[in-house]
Amino acid sequence: METTLNVEGLQVNYGNVQALKGISFKVPKGKIVSLIGANGAGKTTTLKAISGNCKSAGVVVFNNHPITNKESFQLVAEGLIHCPEGRGVFPNLTVMENLQLGIVGRHSAKANFNKNLEECFVLFPRLKERINQIAGTLSGGEQQMLAIARALIGEPELLLLDEPSLGLAPLVVKLIFEIIVRINKDKGVTVLLVEQNAKQALKISNYAYVLETGKILLEGTGADLLNNDDVKKIYLGEH
Ligand SMILES: Nc1ncnc2c1ncn2[C@@H]1O[C@H](COP(=O)(O)OP(=O)(O)O)[C@@H](O)[C@H]1O
Ligand SMILES: [Mg+2]
């Protein structure tokens, strides 16, 4: 099986705090892989290190090329696109202007902008209705949709999603997870998903890793981890 992302011994220090203590994991091409874990486990740091947004030690290989500590703009150009925690939409720009920013630095996607925009509107009809609305006035769920849509405009080969369900109402959470599945199944995008919502994340994941204070504690298929007693107790609130 082809491996889109291979991470080996990834370490990140913030001053004298070691946020990642040498973690290793893989994302096979065409799959959804999740990292689950509590607040402060190192999930965001992992995505930032992969996407060139923080300094790290260790080896990160994307499509068979080492990318450790490459600049984020170089990685975007190669199709490694990070949808950050907190969405990162530009609140003073319109929905359309935010979507137009999705091709910045991703030259190969420029010619396909109109086609990709139409495909985004199929996935997110709400964004089409709100195309001229100022992004800061969208609901939290709509802002998350916009953040994902903007990432898709850049034709990701690997999409890094940081807590897309955070702070959203249950029905919107359900919708966001359905959309992640469609992005993976219909568009063939490989997804590395980071979530505190372990239950939903594991349900849609081919494979997952449990991160705790900078270390990987457990790994397995989504189904295996949903049935694991420790995961049930600690991350799913089941006893
Ligand atoms: N910029 C930073 N400076 C110092 N410490 C940080 C910084 N970012 C994160 N940390 C620390 O690193 C650890 C992991 O944080 P983070 O990756 O954000 O976790 P998660 O996304 O799983 O909640 C936490 O202890 C956090 O306080
Ligand atoms: Mg985080």
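Figured I'd write up the structure that's included with this text. (Residues numbered from 1 in each chain as written. Chains lettered and ligands numbered in written order. Predicted model: local features only at pLDDT ≥ 70, side-chain atom pairs only at ≥ 80, totals over all residues.)

1. Description of the environment of Asn-39
Keep this limit in mind: Think of it this way: any DSSP run of H or I at least four residues long counts as a helix, any run of E at least two long counts as a strand, and we number them from the N terminus. With C-beta atoms placed from the backbone, a residue is buried if 20 or more other C-beta atoms are within 10 Å of its own, exposed if 12 or fewer are, and partly exposed between those counts.
Note that Asn-39 resides in the loop between β3 (32-36) and α1 (43-50). Classification of Asn-39 as exposed rests on a count of 8 C-beta atoms within 10 Å. For the pair Asn-39 and Val-189, spaced 150 residues apart in the sequence, the C-alpha separation amounts to 27 Å.

2. Remarks on the pairing of strand β7 (residues 158-162)
The cut-off we apply is this: By the convention used here, strands pair only if DSSP detects at least 2 bridges between them. Handedness of a crossover is defined as follows: orient the strands so they point away from the viewer, and if the path from the first strand over the helix to the second runs clockwise, the crossover is right-handed.
Judged by how many residues are buried, β7 sits mostly within the fold: five of five residues are covered. The pairing of strand β6 (residues 80-83) with β7 spans four bridges and is parallel. For Cys-83, the partnering residue across the bridge sits in β7 and is Leu-161. With five bridges connecting them, β7 and strand β8 (residues 190-195) associate as parallel partners. Counterpart to Asp-162 in the pairing with β8 is Val-194. Each parallel crossover has a hand, and the one from β7 via helix α8 (residues 170-187) to β8 is right-handed.

3. Focus: the nonpolar core
Grouped burial of nonpolar side chains is what soluble globular proteins tend to show. Heads up, the rule is: Only buried Ala, Val, Leu, Ile, Met, Phe, Trp, Tyr and Cys residues enter a nonpolar core, and they are joined through C-beta atoms within 7 Å. The contact criterion used here is simple: two residues whose C-beta atoms, placed from the backbone, lie within 7 Å are in contact.
Leu-146, Ala-149, Leu-159, Leu-160 and Val-191 are the most contacted members of the largest nonpolar core, which totals 65 residues. The biggest single contributor to this core is helix α7 (residues 140-153), with eight residues. Leu-160 has contacts with Leu-47, Ile-50, Ser-51, Ile-81, His-82, Cys-83 and Leu-192, leaving out every residue within four places of it along the chain.

Everything listed here is a matter of geometry and, on its own, says nothing about what the molecule does.
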